[in-house]
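So the chains spell out like this:
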Amino acid sequence: MNESPVTAPVCYRHPSKETYVRCSRCDRPICPDCMNEASVGHQCPECVAQGRRTQRPARTAFGGSAAGRAGTATKTLIGVNVLVMVMSILSGGANAVAGGGMGGLLGSSTPLTQWGAVLGSAVYGPAGDVSLHGIAGNGEWYRLFTAMFLHYGVLHLLMNMYALWILGRDLERVLGPLRFVGLYVLAGLGGNVAAYALAAPNQATAGASTAVFGLMAAIFVLLRRLNLSVAPILPVIVINVIFTFAVASISVEGHLGGLFTGFVAGGILAYAPRDKRNLVQGVGLAAVFVILMAIAVYRTLMLT
């Protein structure tokens, strides 16, 4: 009786290659080209891909994505501010670069800042062609958001972007891109709402400093939550608050509003319970947004 020849197993992906090595996960034969080192033995490409899909993504101490280590959101926000500055210069010429407040160090108003700065109610336009503008004056609610990306001059932009670069990368690293951008926008909105609610209706306000002050406050809260020293950020906050009151052309309401909103938003992000972190953070930040908009609506009703 003739015995049938014993054939060697072949790789399931490369039938022309014989192999005696099997995937430690699915037990299929795999050749050297298909082997992936595992904690025990080797795994095939499909099992490696499946394992990656089932792994939980790395998270920061406050629930954010580890992608924030690249600082992409910070760079994007800076890019947006710079792009808007270029558009402002194109719309206003040399006045957008220098010639305004602080002894001529800050730029003057341009058509773009007139369009997007926080403004309650004012009349703009050349003689014979004037029109009413503002949130209360003409329902221009977008100003509460656009103002945080507009600046009066290049120096104004550079000061805010330097602060955003220093503060933003650290915050994005620990919060993740999504939470960091949410904090930035909410702090900027908080400062703009405060300027709208407390400043004179015809006083225009613009700049990323509302958001930057919020970032400073958030860093203070996060350092406290991590039981780390607040010595690096506390003098920065104090100096900037003093500077806010010392310079007449700076919006006190906007800076303090951004600082307070950043403090509240930072507290929500930092102290949300771990088991319900996403829910508490999302609902908490949404509640802050609703409160800010309610304040803006109330101010509008008072002006109309």
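Worth saying up front: this structure is predicted, and the values here are computed from it rather than measured.

Novice: I tried to follow the pattern of salt bridges on my own but got confused; where do I start?
Specialist: Two side chains with opposite charge may pair up if their charged atoms get near one another. Scanning the entire structure with this criterion turns up 3 salt bridges. Salt-bridge contacts for K17 lead to D33; the nearest nitrogen and oxygen are separated by 2.2 Å. Residue K17 is found in the segment before β1 (36-37), and its partner D33 is found in the segment before β1; the two are separated by 16 residues along the sequence. Here K17 falls in the partly exposed class, since its relative accessible area comes to 32%. Relative accessible area serves as the criterion here: at 56%, D33 is assigned to the exposed category. Put simply, E140 and R143 hold a salt bridge, and the shortest N to O gap is 2.6 Å. A residue is classified by how much of its surface remains accessible, and E140, at 8% relative accessible area, is buried. The class for R143 is buried, based on a relative accessible area of 1%.

Novice: Sorry if this is basic, but what is going on with unusual backbone geometry here?
Specialist: Most peptide bonds take the trans form, and the phi angle of most residues other than glycine is negative. The residue D27 is not glycine, and still its phi comes out positive at about 70 degrees. Of note, D27 is situated in the segment before β1. The phi dihedral of N227 falls on the positive side, at around 60 degrees, and the residue is not glycine. Note that N227 resides in the loop between α9 (209-225) and α10 (234-246).

Novice: What is the right way to look at the nonpolar core in this model?
Specialist: Most often, soluble globular proteins keep nonpolar side chains buried together rather than apart. L164, L171, L183, Y184, L215 and I233 are the most contacted members of the largest nonpolar core, which totals 57 residues. Of all the secondary-structure elements, those providing two or more residues to this core are α2 (72-92), α5 (135-138), α7 (154-175), α8 (177-198), α9, α11 (252-271) and α12 (277-303). Sort the elements by how many residues they give to this core and α9 lands first, with 11 residues. Those residues within four positions of I233 in sequence are excluded, and the remaining contacts are L167, M216, I219, F220 and L223. Core analysis: the second largest hydrophobic core is formed by 7 residues, C11, C23, I30 and C31 among them.

Novice: What's the story with the state of the cysteines in this structure? I'm lost.
Specialist: In protein chemistry, a disulfide is the covalent bond that joins the sulfur atoms of two cysteines. One pass over the structure, following the stated rule, counts 0 disulfides. The thiol sulfur of C26 is not disulfide-bonded, and the nearest other cysteine sulfur, from C23, lies at 3.6 Å. Looking at C47, it has no disulfide partner, and the nearest cysteine sulfur is the one in C44, 3.5 Å off. Residue C47 is classed as buried on the basis of its relative accessible area of 5%.

Novice: Explain the packing of α8 against α9 here, please?
Specialist: In a pair of packed helices, the angle between the axes and the distance between the axes together describe the arrangement. Two numbers describe how α8 lies on α9: the axes approach to 7 Å, and their chain directions differ by 120 degrees. Put simply, α8 runs oblique to α9. Two packed elements cross with a definite hand, and for α8 against α9 that hand is right-handed. Residues F180, L183, Y184, A187, G188, G191 and N192 of α8 lie in contact with α9, whose contacting residues are T210, A211, G214, L215 and A218. In the contact of α8 with α9, the residues fall into 7 nonpolar, 5 polar and no charged.

Novice: In this structure, what is going on with the packing of aromatic side chains? I would like to understand it.
Specialist: Given two aromatic rings, their pairing is described by the distance between the two centres and the angle made by the two planes. Within this structure, the stated rule accounts for 2 aromatic pairs. Relative to Y142, the ring of W115 lies with its centre 4.7 Å away and its plane at 25 degrees, an arrangement referred to as stacked. With W115 in helix α4 (residues 111-116) and Y142 in the loop between α5 and α6 (143-146), the pair connects residues that are 27 residues apart, well separated along the chain. Relative accessible area serves as the criterion here: at 28%, Y142 is assigned to the partly exposed category. Above the face of the Y12 ring, R28 is positioned so that its terminal group lies 4.0 Å from the ring centre.

Novice: Please explain a nonpolar patch on the surface as it appears in this structure.
Specialist: On the surface, V297, Y298, L301 and M302 cluster together into a nonpolar patch covering about 440 Å² of accessible area. By the element assignment, Y298 lies in helix α12.

Novice: Is there a simple way to explain the environment of V48 in this structure?
Specialist: With respect to the helices, strands and loops of the structure, V48 is situated in helix α1 (residues 45-54). Residue V48 is classed as buried on the basis of its relative accessible area of 17%. Expressed as a C-alpha distance, the spacing of V48 and N36, which sit 12 residues apart in the sequence, is 7.6 Å. V48 has contacts with N36 and Q43, leaving out every residue within four places of it along the chain.

Novice: Looking at this model, I keep getting lost on the environment of A272. Mind explaining?
Specialist: Along the chain, A272 turns up in the loop between α11 and α12. Setting aside residues up to four positions removed in sequence, A272 forms contacts with G267, R277, V280 and Q281.

What counts, and at which threshold
- Residues numbered from 1 in each chain as written.
- Predicted model: local features only at pLDDT ≥ 70, side-chain atom pairs only at ≥ 80, totals over all residues.
- Heavy atoms only, no water.
- Salt bridge = Lys/Arg side-chain N within 4 Å of Asp/Glu carboxyl O.
- Helix = DSSP H or I, 4+ residues; strand = E, 2+ residues; numbered from the N terminus.
- Buried < 20%, exposed > 50% of the residue type's maximum accessible area, 1.4 Å probe, protein only.
- Core = buried A, V, L, I, M, F, W, Y, C linked by side-chain atoms within 4.5 Å.
- Contact = heavy atoms within 4.5 Å.
- Disulfide = S-S within 2.5 Å.
- Axes fitted to C-alpha atoms, helices over the stretch in contact; angles between N-to-C directions.
- Parallel < 35°, antiparallel > 145°, perpendicular 65-115°, else oblique.
- Left-handed = near helix turned anticlockwise from the far one by under 90°.
- Nonpolar A, V, L, I, M, F, W, Y, C, P; charged D, E, K, R; others polar.
- Phe/Tyr/Trp six-rings, centres within 6.5 Å; stacked < 30°, edge-to-face > 60°.
- Lys NZ or Arg CZ within 6 Å of the ring centre and 35° of its normal.
- Patch = residues over 30% accessible without salt bridge, like charges linked within 9 Å, V, L, I, M, F, W, Y side chains within 5 Å.
- Areas by Shrake-Rupley, 256 points an atom, 1.4 Å probe, with all protein chains shown as cover.

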